Structure formats: C-alpha cells, structure tokens
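# Structure at a glance
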Amino acid sequence: MGRFTQGFYGYAVALAICLAGVALFLLITPQSRTEHIPAVDYKIDLANAARSAPYEIEAPRQVLPNWIPNSSTLTQNGGTVTWRLGFATGKRMHAMLAQSNEQPAAAFANRMANTDKATGSRQINGATWEERFRSDKNQRSLVRILPDHAVVVTGSADWQELTALAASLAPQSTPAA
C-alpha cells in the first residue's frame, strides 16, 4: 500500500484516476449543441409604460422575423418614465429600443448612444433619425429627440437591422384599466 501513497508512481495513479473521473463526467453529462437565447414577454412592461408615461410610448408592431426579445426594463423615478427593450437580432447581434422623458432629452440620448456626435441622418417612415457611431464599442445608434421625450435605437447590430427596428415602431395607445 505504501507504493501508492508515496513518490511519483502514486502521484501518476492518482492523476489518472482523477482524469478518468472527469472524462466519465463529461461523457454522461447532457450537452446541448443548439443555441438557446431566453425570450421575455415584454407586454406587461409595455402596458405599464403606456399607462404611466406622460408621452406616447412607441413599440414594435410585431417582433421582427428571427428576432428574440431578451430584456425589458421599465423604471419610474418621479415623473420620469424610461423603458428599455432589448433584442437578439436575426444576425444574433444586440439591438435595444430605449425611450424616456428624462430632461434634458439630449442627455438621455447621449448616454444611451454613448456619444453626442452625429455622423449623419436618415429618413425612416417620414421621421428624421440622427445616426451616431462609436467605433471603440462597435455601437450604432439612431436617435430621435422629440419635444417631450427621446427615442433611441442602439446596439451592435448593423444599420440595416437598426433601421428595421426603427421602422417597426408604432405609437401605443393607453390600455384600459
């Protein structure tokens, strides 16, 4: 018995037993090779935002094909209502819709876009959206500042996907109590 508890031979046997145990564990543990992105149902946050916001909430008419809504956050601080809705896009990049009546609205937009520098503009459904790009974060943003609130579509998604999200937005009516 002393042979197995002393010296290099004992060390090698113990290491072999440990490696065999790890190999057995990996062999019998179920492993998934399919992608799994947890989806969230944002309808309750949308209804609460539309009910409590002093501005007109915008949301996608329907979730875009192959997109997965994966986060929804509604915050209320005094009279300020902010709603953020995140997606995994069809190309599996990130896109987020953020809107708030935080004042000044430009400060909210700058914080969400991580920059205050406009790089261009584009017309989407008759509205002018300001383009912003922050290369060190690979973040593109479409910003629309309205008199009473700001709407920002941002993320690592390409311009085509962000434009599709912005084009899908529609004003939401206040739900009945």
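Reference entry: report on the structure contained in this document. (Residues numbered from 1 in each chain as written. Predicted model: local features only at pLDDT ≥ 70, side-chain atom pairs only at ≥ 80, totals over all residues. Heavy atoms only, no water.)

With that settled, the discussion passes to the pattern of salt bridges. Scanning all chains against the criterion turns up 8 salt bridges. Of the charged contacts in the structure, one is a salt bridge between Glu-58 and Arg-144, with a shortest N-O distance of 2.5 Å. Note that Glu-58 is positioned in strand E1 (residues 58-60) and Arg-144 in strand E7 (residues 139-145), a separation of 86 residues in sequence. Since its relative accessible area comes to 10%, Glu-58 is described here as buried. The residue Lys-117 makes a salt bridge to Asp-116 at a minimum N-O spacing of 3.0 Å. Accessibility expressed as a relative area gives 55% for Lys-117, which makes it exposed. (Salt bridge = Lys/Arg side-chain N within 4 Å of Asp/Glu carboxyl O. Helix = DSSP H or I, 4+ residues; strand = E, 2+ residues; numbered from the N terminus. Buried < 20%, exposed > 50% of the residue type's maximum accessible area, 1.4 Å probe, protein only.)

Another point: helix H3 (residues 43-52). Inspection of H3 places Leu-46, Ala-49 and Ala-50 among the buried residues, and these make up the whole buried set. Relative to the axis of H3, the buried residues are bounded by an arc of 95° and lie together on one face. In this structure, the buried residues of H3 make contact with E1, strand E2 (68-77) and strand E3 (80-88). (Arc of directions from axis to C-beta. Contact = heavy atoms within 4.5 Å.)

Taking strand neighbours across the sheet as the criterion, the 7 strands line up as E2-E3-E4-E8-E7-E6-E5 in an open arrangement whose pairing is antiparallel. One side of each edge strand has no neighbouring strand; the edge strands of this open sheet are E2 and strand E5 (118-124). When strand polarity is set aside, the average angle formed by the axes of neighbouring strands in this sheet is 20°. Examined bridge by bridge, E2 and E3 share 9 bridges and lie antiparallel to one another. Across the sheet, residue Gln-76 finds its bridge partner in E3, namely Val-81. Lying on the sheet, helix H4 (residues 105-113) is in contact with E3, strand E4 (94-100), strand E6 (127-134), E7 and strand E8 (150-155); it crosses E7 at an angle near 165°. (Pairing = 2+ DSSP bridges. Axes fitted to C-alpha atoms, helices over the stretch in contact; angles between N-to-C directions.)

All chains considered together, the criterion is met by 3 aromatic pairs. Their ring planes at 40° and their centres at 6.4 Å tell us that Phe-8 and Tyr-11 sit as a pair that is tilted. On the criterion of helical spacing, the pair formed by Phe-8 and Tyr-11 is a turn pair, its members being 3 residues apart in helix H2 (residues 7-28). On the numbers, 5.7 Å between centres and 65° between planes, the contact of Trp-67 with Phe-87 is edge-to-face. In this pair, Trp-67 is assigned in the loop between E1 and E2 and Phe-87 in strand E3, connecting sequence segments 20 residues apart. Judged by its relative accessible area of 1%, Phe-87 falls in the buried class. Taking NZ or CZ as reference, Lys-43 lies 5.7 Å from the ring centre of Tyr-42, over its face. (Phe/Tyr/Trp six-rings, centres within 6.5 Å; stacked < 30°, edge-to-face > 60°. Lys NZ or Arg CZ within 6 Å of the ring centre and 35° of its normal.)

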